[in-house]
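One letter stands for each residue in the lines below.
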Amino acid sequence: MTIRVVVADDQELVRSGFAMILDAQPDIEVVAEAGDGARAVEAVRRLRPEVALLDIRMPGTDGIEACRAITRAGGCRTVMLTTFDSDAYVYEALHAGASGFLLKDVRRDDLVHAVRVVAAGDSLLAPSVARRLVEEYVRRPRPAAAPPGAGLGVLTARERETLLHLARGLSNAEIAAALTVSEHTVKTHVGHVLAKLGLRDRIQAVIRAYETGLVTAGRPSAGGERAAGSPVPARD
């Protein structure tokens, strides 16, 4: 199956460069390019691609608003392009529905891999962006205090443990080793966690773990979660 992609970036050279890299792949087709978020949303609605590659900072309708509109419409997943040393919008974009984040200096192979991963229904974060996500969350005011794990009552003990390992940044293979089960079983647990909590992907699961207090960034608990700043891979 060919993965159809819309590429949106206000810098023409960046946009055309990404489009050329993706179009050179036998299983990927760039069906449209856009210089701002509004045109990206229109292209997605008209052409119904599987993936939209969106720069966060664009004139007019920025990447976050475009991501939110595309997510509401359904049928297309989004990968955000960010500049790690200046963008402070990772958390907002994740809540807008982004399925992946890449730095603008991403390597050719990593760009192609990201599009394939997201098109397959998984999620992906560049390690440095994952650190940014946790750091941004820690800086934000916390909501009214609630018992750790509040809102997770629908999960079994093993599913809660799986969610904790996800939030620690473990891959499926690492979770399988920690729980002494097969990777297939871990995938089943992850699927149950996402379905029961109404989450779209592993990235949202990590956010929910922090929001509910199951994981406290910067302060290890009995579960031994990593402190803020540790990479949180979102891949399987």
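Structural data are supplied above this passage.
The notes below deal with the structure included here. The shown structure was predicted, so the numbers you read here are calculated from the model rather than taken from an experiment.

1. Some points on the overall build of the protein
Argument step 1. Check the secondary structure of the protein and you find ten helices and six strands.
Argument step 2. Taken across its 236 residues, the protein has 50% of its residues classed as buried.
Argument step 3. Pairs at least 24 apart in sequence give 69% of the contacts found in the protein among residues at least 6 apart.
Argument step 4. Surface exposure of the protein reaches about 10,800 Å², of which carbon and sulfur atoms provide 52%.

2. Observations concerning the packing of helix α7 (residues 157–168) against helix α8 (residues 172–179)
Argument step 1. Two numbers describe how α7 lies on α8: the axes approach to 10 Å, and their chain directions differ by 135°. By the criterion of interaxial angle, the relationship of α7 to α8 is oblique. Crossing angle aside, the handedness with which α7 passes α8 is right-handed. Along the contact surface, α7 presents Arg158, Glu161, Thr162, His165 and Leu166, while α8 presents Ile175, Ala178 and Leu179.

3. What to know about the environment of Leu47
Argument step 1. Position of Leu47 relative to the elements: it lies in helix α2 (residues 37–47).
Argument step 2. The class of Leu47 is partly exposed, set by a relative accessible area of 21%.
Argument step 3. Dropping the residues within four chain positions of it, Leu47 is found in contact with Arg4, Val31 and Ala32.

4. A look at the packing of helix α1 (residues 12–23) against helix α5 (residues 108–119)
Packed helices, taken two at a time, are described by the angle between their axes plus the distance between the axes.
Argument step 1. The N-to-C vectors of α1 and α5 enclose an angle of 70°; their axes lie 10 Å apart at closest approach. Judged on the interaxial angle alone, α5 and α1 are roughly perpendicular. Contacts from Phe18, Ile21 and Leu22 in α1 reach Arg108, Leu111, Val112 and Val115 in α5.
Argument step 2. Taken together, the residues of the contact of α1 with α5 sort by class into six nonpolar, no polar and one charged.

5. Overview of α7
Argument step 1. Taking 1.5 Å of rise per residue, the twelve residues of α7 would be expected to cover 16 Å, and the 17 Å separating its terminal C-alpha atoms lies within 8% of that figure.
Argument step 2. Taken together, the buried residues of α7 touch α8, α9 (183–197) and α10 (202–211).

Conventions used here
- Each chain carries its own residue numbering, running from 1 in the written order of its sequence.
- In keeping with the predicted nature of the model, local features appear solely for residues at pLDDT of at least 70, side-chain atom pairs appear and are counted solely at 80 or more, and the whole-chain, interface and lining totals rest on all residues.
- Side-chain descriptors were evaluated using all non-hydrogen atoms of the structure, hydrogens and water having been removed beforehand.
- Here a strand is any run of E in DSSP of at least two residues, a helix any run of H or I of at least four, and the numbering for each starts at the N terminus.
- Here the term buried applies to any residue with accessible area under 20% of the maximum for its type, exposed to any over 50%, and partly exposed to those in between, with areas from a 1.4 Å probe on protein chains only.
- We call two residues contacting when some pair of their heavy atoms lies within 4.5 Å.
- For the accessible areas, the method is Shrake-Rupley and the probe is 1.4 Å, while residue cover comes only from the protein chains on display.
- Orientation is described by lines fitted to C-alpha atoms, with helices fitted over the stretch in contact, and by angles between N-to-C directions that extend from 0 to 180 degrees.
- Throughout, the term roughly parallel applies to angles under 35 degrees, roughly antiparallel to angles over 145, roughly perpendicular to angles from 65 to 115, and oblique to all others.
- If you view the pair so one helix is near and one far, a crossing is left-handed when the near helix is turned anticlockwise from the far one by less than a right angle, and right-handed when it is turned clockwise.
- Here the term charged refers only to Asp, Glu, Lys and Arg, the term nonpolar to Ala, Val, Leu, Ile, Met, Phe, Trp, Tyr, Cys and Pro, and the term polar to all other amino acids, Gly among them.
- Here the expected length of a helix is defined as 1.5 Å per residue gap, with one fewer gap than residues.

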